[in-house]
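In case you want the letters, here they are:
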Amino acid sequence: MIWPITNNFKTMNNKNLLERSLNAVWHPCTQMKQHETFPLVPIVRGKGVWLYDIEGRGYLDAISSWWVNLFGHTNAHINAAICDQLEKIEHVMLAGFTHEPVVSLSERLKQIAPGNLGHCFYASDGASAIEIALKMSFHYWLLNGQPQKNNFISLQNDYHGETLGALSVTDVAIFKKTYAPLLRPCTHMPTPDWRYAQNNDSAEEHALNAATALEDYLSKNHSETAALIIEPLVQGAMGMGMYHPIYLKRAREICDQYQVHLIADEIAVGFGRTGTMFACNQADIAPDFLCLSKGLSGGYLPLSVVMTPDDIFQAFYQDKTAHAFLHSHTHTGNALACRAALATLELFEQNQALESNKSKAEYLNKIAKPLATHPKVKNFRNCGMIWAFEVETNDADFPEKCFATGLTQKLLLRPLGNTIYFMPPYVINEQEMDLLVNGTLHVLNTLTANNR
Ligand SMILES: *Cc1c(COP(=O)(O)O)cnc(C)c1O
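Reading the values: rules and limits
- Residues numbered from 1 in each chain as written.
- Predicted model: local features only at pLDDT ≥ 70, side-chain atom pairs only at ≥ 80, totals over all residues.
- Heavy atoms only, no water.
- Phe/Tyr/Trp six-rings, centres within 6.5 Å; stacked < 30°, edge-to-face > 60°.
- Helix = DSSP H or I, 4+ residues; strand = E, 2+ residues; numbered from the N terminus.
- Buried < 20%, exposed > 50% of the residue type's maximum accessible area, 1.4 Å probe, protein only.
- Pairing = 2+ DSSP bridges.
- Axes fitted to C-alpha atoms, helices over the stretch in contact; angles between N-to-C directions.
- Contact = heavy atoms within 4.5 Å.
- Near = heavy atom within 4 Å.
- Polar contact = N/O pair within 3.5 Å; in protein donor to acceptor, adjacent residues only side chain to side chain.
- Areas by Shrake-Rupley, 256 points an atom, 1.4 Å probe, with all protein chains shown as cover.
- Disulfide = S-S within 2.5 Å.

Caption draft 1: Up close: the packing of aromatic side chains. Evaluated as defined, the whole model comprises 13 aromatic pairs. Pairing Phe-71 with Phe-348 gives two aromatic rings, centres 5.1 Å apart and planes at 90°, and the pair type is edge-to-face. With Phe-71 in the loop between α2 (64-67) and α3 (76-86) and Phe-348 in helix α11 (residues 335-350), the pair connects residues that are 277 residues apart, well separated along the chain. With respect to class, Phe-71 is no different from Phe-348; both count as buried. Following the ring pairs from residue to residue traces out a cluster consisting of Phe-71, Phe-348 and Tyr-426.

Set out below in C-alpha coordinates:
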(Lines give C-alpha, C1' and ligand atoms only; values in the text may rest on other atoms or scores of the structure.)
Protein backbone atom coordinates (compact mmCIF):
# COMPACT_ATOMS: atom_id res chain seq x y z
CA MET A 1 0.00 0.00 0.00
CA ILE A 2 1.24 3.45 -0.89
CA TRP A 3 0.61 6.06 1.74
CA PRO A 4 -0.94 9.47 1.10
CA ILE A 5 1.85 11.90 0.48
CA THR A 6 3.97 9.77 -1.84
CA ASN A 7 2.57 11.25 -5.00
CA ASN A 8 2.07 14.73 -3.67
CA PHE A 9 5.38 16.12 -4.74
CA LYS A 10 4.41 17.61 -8.03
CA THR A 11 7.59 18.87 -9.57
CA MET A 12 10.33 16.62 -10.83
CA ASN A 13 12.86 18.66 -8.84
CA ASN A 14 11.22 17.81 -5.58
CA LYS A 15 11.01 14.12 -6.39
CA ASN A 16 14.69 14.26 -7.28
CA LEU A 17 15.56 15.66 -3.88
CA LEU A 18 13.93 12.66 -2.19
CA GLU A 19 15.74 10.25 -4.47
CA ARG A 20 19.07 12.00 -3.91
CA SER A 21 18.53 11.86 -0.15
CA LEU A 22 17.80 8.13 -0.23
CA ASN A 23 20.93 7.56 -2.32
CA ALA A 24 23.31 9.72 -0.33
CA VAL A 25 21.96 10.03 3.22
CA TRP A 26 21.70 7.13 5.64
CA HIS A 27 18.88 8.33 7.88
CA PRO A 28 18.96 7.71 11.66
CA CYS A 29 16.85 5.10 13.40
CA THR A 30 15.40 4.09 10.04
CA GLN A 31 14.99 0.95 8.00
CA MET A 32 15.85 2.68 4.74
CA LYS A 33 13.83 0.18 2.70
CA GLN A 34 10.63 1.44 4.35
CA HIS A 35 11.09 4.65 2.41
CA GLU A 36 9.99 2.70 -0.67
CA THR A 37 6.47 3.11 0.74
CA PHE A 38 6.77 5.88 3.35
CA PRO A 39 8.34 8.88 1.71
CA LEU A 40 10.73 11.35 3.29
CA VAL A 41 9.47 14.83 3.98
CA PRO A 42 11.80 17.49 2.59
CA ILE A 43 11.67 20.50 4.92
CA VAL A 44 12.87 23.86 3.67
CA ARG A 45 11.93 26.23 6.46
CA GLY A 46 10.24 26.58 9.84
CA LYS A 47 8.56 29.22 11.97
CA GLY A 48 7.22 28.77 15.49
CA VAL A 49 5.63 25.34 15.82
CA TRP A 50 5.47 24.97 12.03
CA LEU A 51 7.70 23.13 9.58
CA TYR A 52 7.18 23.78 5.86
CA ASP A 53 7.98 21.31 3.11
CA ILE A 54 9.37 22.01 -0.31
CA GLU A 55 5.91 22.71 -1.72
CA GLY A 56 4.87 25.02 1.09
CA ARG A 57 2.73 22.61 3.10
CA GLY A 58 2.94 23.21 6.87
CA TYR A 59 3.27 20.55 9.57
CA LEU A 60 2.76 21.27 13.26
CA ASP A 61 5.87 19.96 15.00
CA ALA A 62 4.02 18.12 17.78
CA ILE A 63 7.18 16.38 18.98
CA SER A 64 9.53 19.37 18.87
CA SER A 65 11.78 17.66 16.34
CA TRP A 66 12.83 14.79 18.62
CA TRP A 67 12.11 16.75 21.82
CA VAL A 68 14.64 19.53 21.33
CA ASN A 69 12.70 22.62 20.33
CA LEU A 70 11.36 24.86 23.10
CA PHE A 71 10.59 28.30 21.70
CA GLY A 72 9.79 27.54 18.10
CA HIS A 73 11.75 27.22 14.90
CA THR A 74 13.74 30.26 13.68
CA ASN A 75 13.06 32.10 16.92
CA ALA A 76 13.98 35.78 16.45
CA HIS A 77 15.71 36.13 19.84
CA ILE A 78 17.87 33.03 19.46
CA ASN A 79 18.64 33.85 15.82
CA ALA A 80 19.86 37.31 16.83
CA ALA A 81 22.09 35.91 19.58
CA ILE A 82 23.71 33.42 17.20
CA CYS A 83 24.22 36.08 14.50
CA ASP A 84 25.84 38.37 17.06
CA GLN A 85 28.12 35.57 18.24
CA LEU A 86 29.03 34.69 14.63
CA GLU A 87 30.66 38.10 14.28
CA LYS A 88 32.79 37.52 17.38
CA ILE A 89 34.03 33.95 17.53
CA GLU A 90 32.30 30.85 16.19
CA HIS A 91 34.41 28.25 17.97
CA VAL A 92 37.65 27.84 19.85
CA MET A 93 38.97 24.73 21.57
CA LEU A 94 38.08 24.63 25.25
CA ALA A 95 41.30 23.05 26.53
CA GLY A 96 43.62 25.92 27.41
CA PHE A 97 41.10 28.50 26.17
CA THR A 98 37.85 29.94 27.40
CA HIS A 99 35.23 32.43 26.23
CA GLU A 100 32.39 34.54 27.55
CA PRO A 101 29.45 32.40 26.34
CA VAL A 102 30.69 29.18 27.99
CA VAL A 103 31.46 30.97 31.26
CA SER A 104 28.14 32.82 31.37
CA LEU A 105 26.22 29.67 30.52
CA SER A 106 27.95 27.67 33.26
CA GLU A 107 27.23 30.38 35.82
CA ARG A 108 23.62 30.62 34.70
CA LEU A 109 23.12 26.84 34.80
CA LYS A 110 24.55 26.72 38.30
CA GLN A 111 21.97 29.33 39.39
CA ILE A 112 18.98 27.43 38.05
CA ALA A 113 20.02 23.80 38.65
CA PRO A 114 18.93 22.03 41.83
CA GLY A 115 21.41 21.74 44.69
CA ASN A 116 24.97 22.87 44.29
CA LEU A 117 25.93 21.67 40.84
CA GLY A 118 28.65 24.21 40.24
CA HIS A 119 30.89 22.51 37.69
CA CYS A 120 29.89 22.12 34.06
CA PHE A 121 31.57 19.61 31.74
CA TYR A 122 30.41 20.03 28.14
CA ALA A 123 29.94 17.70 25.17
CA SER A 124 27.94 17.81 21.97
CA ASP A 125 25.12 15.31 22.37
CA GLY A 126 23.16 13.45 24.99
CA ALA A 127 24.85 10.08 24.69
CA SER A 128 28.26 11.72 25.18
CA ALA A 129 26.99 13.38 28.36
CA ILE A 130 25.98 9.95 29.64
CA GLU A 131 29.41 8.52 28.83
CA ILE A 132 30.98 11.39 30.76
CA ALA A 133 28.78 10.88 33.83
CA LEU A 134 29.50 7.12 33.87
CA LYS A 135 33.25 7.56 33.47
CA MET A 136 33.38 10.37 36.04
CA SER A 137 31.42 8.36 38.58
CA PHE A 138 33.67 5.31 38.19
CA HIS A 139 36.81 7.47 38.23
CA TYR A 140 35.64 9.25 41.38
CA TRP A 141 35.38 5.94 43.26
CA LEU A 142 38.73 4.85 41.86
CA LEU A 143 40.35 8.04 43.15
CA ASN A 144 38.70 7.32 46.48
CA GLY A 145 40.30 3.91 46.72
CA GLN A 146 37.18 1.94 45.75
CA PRO A 147 37.95 0.57 42.27
CA GLN A 148 35.48 -2.30 42.78
CA LYS A 149 32.63 0.21 42.53
CA ASN A 150 32.47 -0.12 38.76
CA ASN A 151 28.94 -1.35 38.02
CA PHE A 152 26.02 0.78 36.98
CA ILE A 153 22.35 0.16 37.51
CA SER A 154 19.42 1.81 35.78
CA LEU A 155 15.66 1.41 35.52
CA GLN A 156 13.77 -1.15 33.51
CA ASN A 157 12.67 0.67 30.29
CA ASP A 158 15.26 3.43 30.69
CA TYR A 159 16.81 5.06 27.63
CA HIS A 160 20.14 6.85 27.89
CA GLY A 161 21.44 7.00 24.33
CA GLU A 162 23.04 4.66 21.85
CA THR A 163 26.82 4.84 22.15
CA LEU A 164 28.15 1.67 23.76
CA GLY A 165 28.38 2.94 27.35
CA ALA A 166 25.01 4.68 27.19
CA LEU A 167 23.46 1.66 25.48
CA SER A 168 24.77 -0.58 28.30
CA VAL A 169 22.58 1.27 30.80
CA THR A 170 19.66 1.51 28.36
CA ASP A 171 16.85 -1.05 28.55
CA VAL A 172 15.14 -0.77 25.17
CA ALA A 173 15.38 -4.13 23.42
CA ILE A 174 15.00 -2.85 19.87
CA PHE A 175 18.12 -0.68 20.21
CA LYS A 176 20.07 -3.00 22.46
CA LYS A 177 19.58 -6.65 21.53
CA THR A 178 21.69 -6.70 18.37
CA TYR A 179 24.67 -5.13 20.09
CA ALA A 180 24.50 -7.15 23.33
CA PRO A 181 27.92 -8.78 22.81
CA LEU A 182 29.51 -5.32 22.76
CA LEU A 183 27.94 -4.10 25.99
CA ARG A 184 28.73 -4.18 29.71
CA PRO A 185 26.23 -5.96 31.90
CA CYS A 186 23.82 -3.69 33.78
CA THR A 187 21.09 -4.61 36.24
CA HIS A 188 17.79 -2.82 35.65
CA MET A 189 15.67 -2.01 38.68
CA PRO A 190 11.87 -2.40 38.46
CA THR A 191 10.33 0.68 36.87
CA PRO A 192 8.14 3.06 38.88
CA ASP A 193 6.13 3.71 35.65
CA TRP A 194 2.50 3.63 36.79
CA ARG A 195 1.39 1.63 33.73
CA TYR A 196 3.09 -1.36 35.38
CA ALA A 197 1.19 -1.05 38.65
CA GLN A 198 -0.48 -4.19 40.02
CA ASN A 199 -3.40 -4.71 42.40
CA ASN A 200 -4.82 -1.28 41.59
CA ASP A 201 -1.88 0.36 43.31
CA SER A 202 -1.85 4.15 43.17
CA ALA A 203 1.01 5.84 41.33
CA GLU A 204 2.58 6.61 44.69
CA GLU A 205 2.23 3.06 46.01
CA HIS A 206 3.69 1.64 42.83
CA ALA A 207 6.64 4.06 42.99
CA LEU A 208 7.29 3.14 46.62
CA ASN A 209 7.28 -0.56 45.74
CA ALA A 210 9.83 0.09 43.01
CA ALA A 211 11.95 2.02 45.52
CA THR A 212 11.83 -0.92 47.92
CA ALA A 213 13.21 -3.18 45.17
CA LEU A 214 16.02 -0.68 44.62
CA GLU A 215 16.80 -0.67 48.32
CA ASP A 216 16.87 -4.48 48.42
CA TYR A 217 19.30 -4.57 45.55
CA LEU A 218 21.65 -1.91 46.86
CA SER A 219 21.67 -3.29 50.39
CA LYS A 220 23.39 -6.34 48.87
CA ASN A 221 25.36 -4.86 45.98
CA HIS A 222 26.30 -1.32 46.94
CA SER A 223 30.00 -2.04 47.34
CA GLU A 224 30.28 -2.92 43.63
CA THR A 225 27.90 -0.24 42.40
CA ALA A 226 29.20 3.14 41.24
CA ALA A 227 25.92 4.78 40.32
CA LEU A 228 22.22 4.51 39.68
CA ILE A 229 21.24 6.29 36.47
CA ILE A 230 17.61 7.22 35.87
CA GLU A 231 15.32 9.23 33.64
CA PRO A 232 13.51 11.37 36.23
CA LEU A 233 9.68 11.36 36.10
CA VAL A 234 9.27 10.42 32.41
CA GLN A 235 10.86 7.44 30.65
CA GLY A 236 10.77 8.84 27.15
CA ALA A 237 11.80 6.28 24.56
CA MET A 238 9.74 3.44 26.05
CA GLY A 239 6.52 5.29 25.42
CA MET A 240 6.59 8.25 27.80
CA GLY A 241 6.12 6.19 30.94
CA MET A 242 5.36 8.59 33.79
CA TYR A 243 5.90 8.07 37.49
CA HIS A 244 5.37 9.62 40.90
CA PRO A 245 8.10 11.99 42.20
CA ILE A 246 8.24 10.07 45.49
CA TYR A 247 10.48 7.60 43.66
CA LEU A 248 13.09 10.31 43.10
CA LYS A 249 13.00 11.25 46.75
CA ARG A 250 13.44 7.62 47.85
CA ALA A 251 16.13 6.94 45.24
CA ARG A 252 18.11 9.92 46.55
CA GLU A 253 17.82 8.68 50.14
CA ILE A 254 18.76 5.13 49.23
CA CYS A 255 21.75 6.21 47.13
CA ASP A 256 22.96 8.38 50.03
CA GLN A 257 22.51 5.57 52.49
CA TYR A 258 24.56 3.14 50.39
CA GLN A 259 27.10 5.58 48.97
CA VAL A 260 26.06 5.19 45.36
CA HIS A 261 25.98 8.12 42.95
CA LEU A 262 22.67 9.25 41.52
CA ILE A 263 22.91 10.27 37.86
CA ALA A 264 19.84 12.18 36.67
CA ASP A 265 19.48 11.94 32.90
CA GLU A 266 17.37 15.04 32.28
CA ILE A 267 18.43 15.16 28.64
CA ALA A 268 14.78 14.95 27.56
CA VAL A 269 12.92 16.25 30.60
CA GLY A 270 15.14 19.18 31.60
CA PHE A 271 14.21 22.79 30.81
CA GLY A 272 10.58 22.80 31.79
CA ARG A 273 9.25 19.72 30.03
CA THR A 274 7.74 18.21 33.17
CA GLY A 275 6.29 21.52 34.39
CA THR A 276 9.24 22.51 36.59
CA MET A 277 12.60 23.69 35.29
CA PHE A 278 14.05 20.28 36.10
CA ALA A 279 12.19 17.08 36.93
CA CYS A 280 14.30 16.68 40.08
CA ASN A 281 12.72 19.89 41.40
CA GLN A 282 9.43 18.02 41.90
CA ALA A 283 11.04 15.83 44.55
CA ASP A 284 13.24 18.62 45.83
CA ILE A 285 16.38 16.56 45.27
CA ALA A 286 19.72 17.16 43.59
CA PRO A 287 21.62 14.40 41.79
CA ASP A 288 25.39 13.89 41.87
CA PHE A 289 25.47 14.20 38.10
CA LEU A 290 22.89 16.12 36.09
CA CYS A 291 22.96 15.39 32.33
CA LEU A 292 21.33 17.97 30.08
CA SER A 293 21.08 18.31 26.33
CA LYS A 294 18.04 18.33 24.01
CA GLY A 295 16.34 21.59 25.08
CA LEU A 296 19.58 23.15 26.28
CA SER A 297 20.26 25.12 23.10
CA GLY A 298 16.57 25.59 22.35
CA GLY A 299 16.85 22.87 19.74
CA TYR A 300 19.32 24.86 17.65
CA LEU A 301 22.76 23.32 17.99
CA PRO A 302 24.26 20.14 19.39
CA LEU A 303 25.26 20.80 22.98
CA SER A 304 25.21 18.81 26.20
CA VAL A 305 26.51 19.26 29.69
CA VAL A 306 27.17 17.21 32.82
CA MET A 307 26.88 19.20 36.04
CA THR A 308 28.49 18.04 39.28
CA PRO A 309 28.90 19.40 42.82
CA ASP A 310 32.12 20.50 44.40
CA ASP A 311 33.08 17.25 46.14
CA ILE A 312 33.20 15.36 42.85
CA PHE A 313 35.14 18.14 41.14
CA GLN A 314 37.59 18.31 44.06
CA ALA A 315 38.36 14.58 43.91
CA PHE A 316 39.96 15.16 40.49
CA TYR A 317 41.72 18.39 41.51
CA GLN A 318 45.22 17.02 42.14
CA ASP A 319 48.84 17.39 41.10
CA LYS A 320 48.95 14.32 38.86
CA THR A 321 47.69 14.74 35.29
CA ALA A 322 46.50 11.12 35.33
CA HIS A 323 44.12 11.99 38.17
CA ALA A 324 42.38 14.55 35.99
CA PHE A 325 39.30 13.74 33.94
CA LEU A 326 41.07 13.24 30.62
CA HIS A 327 38.05 13.18 28.38
CA SER A 328 37.23 15.49 25.52
CA HIS A 329 34.99 16.02 22.55
CA THR A 330 36.37 18.29 19.87
CA HIS A 331 33.42 20.68 19.81
CA THR A 332 33.13 20.90 23.61
CA GLY A 333 31.70 24.24 24.69
CA ASN A 334 31.09 25.52 21.18
CA ALA A 335 30.55 29.27 21.41
CA LEU A 336 27.59 29.44 19.03
CA ALA A 337 25.80 26.64 20.87
CA CYS A 338 26.46 28.29 24.24
CA ARG A 339 25.05 31.59 22.96
CA ALA A 340 21.96 29.78 21.69
CA ALA A 341 21.61 28.22 25.15
CA LEU A 342 21.95 31.58 26.90
CA ALA A 343 19.34 33.11 24.61
CA THR A 344 17.05 30.15 25.32
CA LEU A 345 17.37 30.69 29.07
CA GLU A 346 16.58 34.40 28.55
CA LEU A 347 13.38 33.37 26.82
CA PHE A 348 12.26 31.38 29.87
CA GLU A 349 12.23 34.69 31.76
CA GLN A 350 10.96 36.95 28.98
CA ASN A 351 8.05 34.60 28.21
CA GLN A 352 7.52 33.50 31.82
CA ALA A 353 7.51 30.14 30.14
CA LEU A 354 6.91 27.87 33.13
CA GLU A 355 3.87 29.92 34.19
CA SER A 356 2.44 30.21 30.71
CA ASN A 357 2.98 26.49 30.09
CA LYS A 358 0.69 25.76 33.04
CA SER A 359 -2.26 27.47 31.41
CA LYS A 360 -1.41 25.94 28.05
CA ALA A 361 -1.37 22.47 29.60
CA GLU A 362 -4.69 23.18 31.30
CA TYR A 363 -6.21 24.19 27.98
CA LEU A 364 -4.88 21.17 26.15
CA ASN A 365 -6.14 18.82 28.87
CA LYS A 366 -9.56 20.41 28.59
CA ILE A 367 -9.89 20.06 24.82
CA ALA A 368 -8.29 16.59 24.82
CA LYS A 369 -11.25 14.97 26.64
CA PRO A 370 -12.48 13.23 23.45
CA LEU A 371 -9.01 11.68 23.09
CA ALA A 372 -8.77 10.71 26.74
CA THR A 373 -12.16 9.00 26.63
CA HIS A 374 -11.83 7.50 23.14
CA PRO A 375 -12.72 3.77 23.20
CA LYS A 376 -9.42 2.81 21.53
CA VAL A 377 -7.29 4.95 23.88
CA LYS A 378 -5.70 3.74 27.12
CA ASN A 379 -3.71 5.49 29.85
CA PHE A 380 -4.16 9.07 28.67
CA ARG A 381 -1.62 10.94 30.79
CA ASN A 382 0.10 14.29 31.09
CA CYS A 383 3.17 15.65 32.84
CA GLY A 384 3.95 19.33 32.25
CA MET A 385 4.26 19.76 28.48
CA ILE A 386 4.22 16.04 27.67
CA TRP A 387 1.08 14.06 26.81
CA ALA A 388 0.86 10.38 25.91
CA PHE A 389 -1.61 7.54 25.44
CA GLU A 390 -1.68 4.01 24.10
CA VAL A 391 -3.81 3.07 21.10
CA GLU A 392 -5.40 -0.37 21.01
CA THR A 393 -4.26 -1.83 17.73
CA ASN A 394 -2.68 -5.01 16.40
CA ASP A 395 -1.24 -3.28 13.37
CA ALA A 396 2.55 -3.69 13.33
CA ASP A 397 2.81 -0.73 10.93
CA PHE A 398 0.81 1.55 13.22
CA PRO A 399 3.66 4.03 13.88
CA GLU A 400 4.40 4.55 10.18
CA LYS A 401 0.73 4.81 9.26
CA CYS A 402 0.11 7.24 12.10
CA PHE A 403 3.03 9.37 10.91
CA ALA A 404 1.80 9.35 7.30
CA THR A 405 -1.85 10.02 8.22
CA GLY A 406 -0.73 12.73 10.63
CA LEU A 407 0.97 14.55 7.76
CA THR A 408 -2.36 14.71 5.89
CA GLN A 409 -3.75 16.49 8.98
CA LYS A 410 -0.80 18.94 9.00
CA LEU A 411 0.70 17.15 12.01
CA LEU A 412 4.13 15.76 12.70
CA LEU A 413 3.32 12.79 14.96
CA ARG A 414 5.86 10.05 15.46
CA PRO A 415 4.44 7.37 17.77
CA LEU A 416 6.63 5.14 19.92
CA GLY A 417 5.11 1.73 19.14
CA ASN A 418 1.40 2.18 19.81
CA THR A 419 1.98 5.18 22.07
CA ILE A 420 1.03 8.52 20.56
CA TYR A 421 2.56 11.45 22.36
CA PHE A 422 2.64 15.24 22.16
CA MET A 423 5.68 17.21 23.19
CA PRO A 424 5.06 20.53 21.45
CA PRO A 425 7.26 23.63 21.51
CA TYR A 426 6.24 25.97 24.35
CA VAL A 427 5.15 28.65 21.89
CA ILE A 428 2.13 26.62 20.74
CA ASN A 429 -1.09 28.67 20.91
CA GLU A 430 -4.71 27.63 21.54
CA GLN A 431 -5.64 27.51 17.88
CA GLU A 432 -2.66 25.24 17.21
CA MET A 433 -3.59 23.04 20.17
CA ASP A 434 -7.12 22.72 18.71
CA LEU A 435 -5.59 21.60 15.43
CA LEU A 436 -3.32 19.15 17.23
CA VAL A 437 -6.15 17.49 19.14
CA ASN A 438 -8.68 17.45 16.31
CA GLY A 439 -6.12 16.23 13.78
CA THR A 440 -5.02 13.46 16.12
CA LEU A 441 -8.64 12.42 16.67
CA HIS A 442 -9.04 12.19 12.92
CA VAL A 443 -5.88 10.07 12.63
CA LEU A 444 -7.04 7.83 15.44
CA ASN A 445 -10.48 7.31 13.93
CA THR A 446 -9.02 6.64 10.50
CA LEU A 447 -6.54 4.05 11.75
CA THR A 448 -8.82 2.26 14.20
CA ALA A 449 -12.08 2.34 12.20
CA ASN A 450 -11.22 -0.32 9.61
CA ASN A 451 -8.77 -2.03 11.99
CA ARG A 452 -6.45 -3.35 9.32
C1 LIG B 1 17.78 11.65 23.61
C2 LIG B 1 18.20 11.10 24.90
C3 LIG B 1 19.52 10.69 25.12
C4 LIG B 1 20.57 10.69 24.04
O5 LIG B 1 20.80 11.95 23.50
P6 LIG B 1 21.47 12.04 22.03
O7 LIG B 1 21.72 13.48 21.83
O8 LIG B 1 20.44 11.48 21.09
O9 LIG B 1 22.70 11.22 22.04
C10 LIG B 1 19.85 10.23 26.38
N11 LIG B 1 18.94 10.18 27.36
C12 LIG B 1 17.67 10.57 27.19
C13 LIG B 1 16.72 10.51 28.34
C14 LIG B 1 17.25 11.02 25.95
O15 LIG B 1 15.97 11.37 25.76
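And the narrative resumes.
Caption draft 2: Structural view of the sheet that holds strand β14 (residues 386-391). Strand order in the open sheet made by the three strands is β13-β14-β16, with antiparallel pairing throughout. Of all the strands in the sheet, just β13 (377-383) and β16 (419-422) have a single pairing partner and so form its edges. The average undirected angle you get between the axes of adjacent strands in this sheet is 15°. Relative to β14, β13 runs antiparallel, the two being bridged by five bridges. Of the residues in β14, the one forming a bridge with Asn-382 is Trp-387. Sitting on the sheet, helix α12 (residues 353-367) is in contact with β13, β14 and β16, with an inclination near 25° to β14.

Caption draft 3: Just the site of the ligand, in detail. As a matter of local geometry, the ligand sits amid Trp-67, Asp-125, Gly-126, Ala-127, Tyr-159, His-160, Gly-161, Glu-231, Asp-265, Ile-267, Ala-268 and Lys-294. Taking Gly-126, its main chain carries an N or O atom lying 2.8 Å from an oxygen atom of the ligand. Within the side chain of Asp-265, one N or O atom sits 2.6 Å away from a nitrogen atom of the ligand. In isolation the ligand has 380 Å² of accessible area, and contact with the protein removes 82% of it.

Caption draft 4: Main features of the state of the cysteines. Applying the stated criterion to the full structure yields zero disulfides. Free of any disulfide, Cys-383 has its nearest cysteine sulfur in Cys-280, 12 Å distant. On the basis of relative accessible area, Cys-383 is assigned to the buried category, the value being 12%. A disulfide-free cysteine, Cys-402 has its sulfur positioned 16 Å from the sulfur of Cys-29, the nearest such atom.

Caption draft 5: The sheet that holds strand β5 (residues 151-155), seen in detail. Across the sheet, which stays open at both edges, the seven strands sit in the order β4-β12-β11-β10-β7-β5-β6 with mixed pairing between neighbours. The outermost strands of the open sheet, each flanked by one partner alone, are β4 (119-123) and β6 (187-189). Ignoring strand direction, the axes of neighbouring strands in this sheet form an average angle of 25°. By the bridge criterion, four bridges tie β5 to strand β7 (residues 225-230) in an arrangement that is parallel. The partner of Ile-153 across the bridge, within β7, is Leu-228. Lying over the sheet, helix α5 (residues 126-143) contacts β4, β5, β7, β10 (261-265), β11 (289-292) and β12 (304-308), oriented at roughly 25° with respect to β12.

Note that every value here comes from positions in space, so none of it alone points to a role or purpose.
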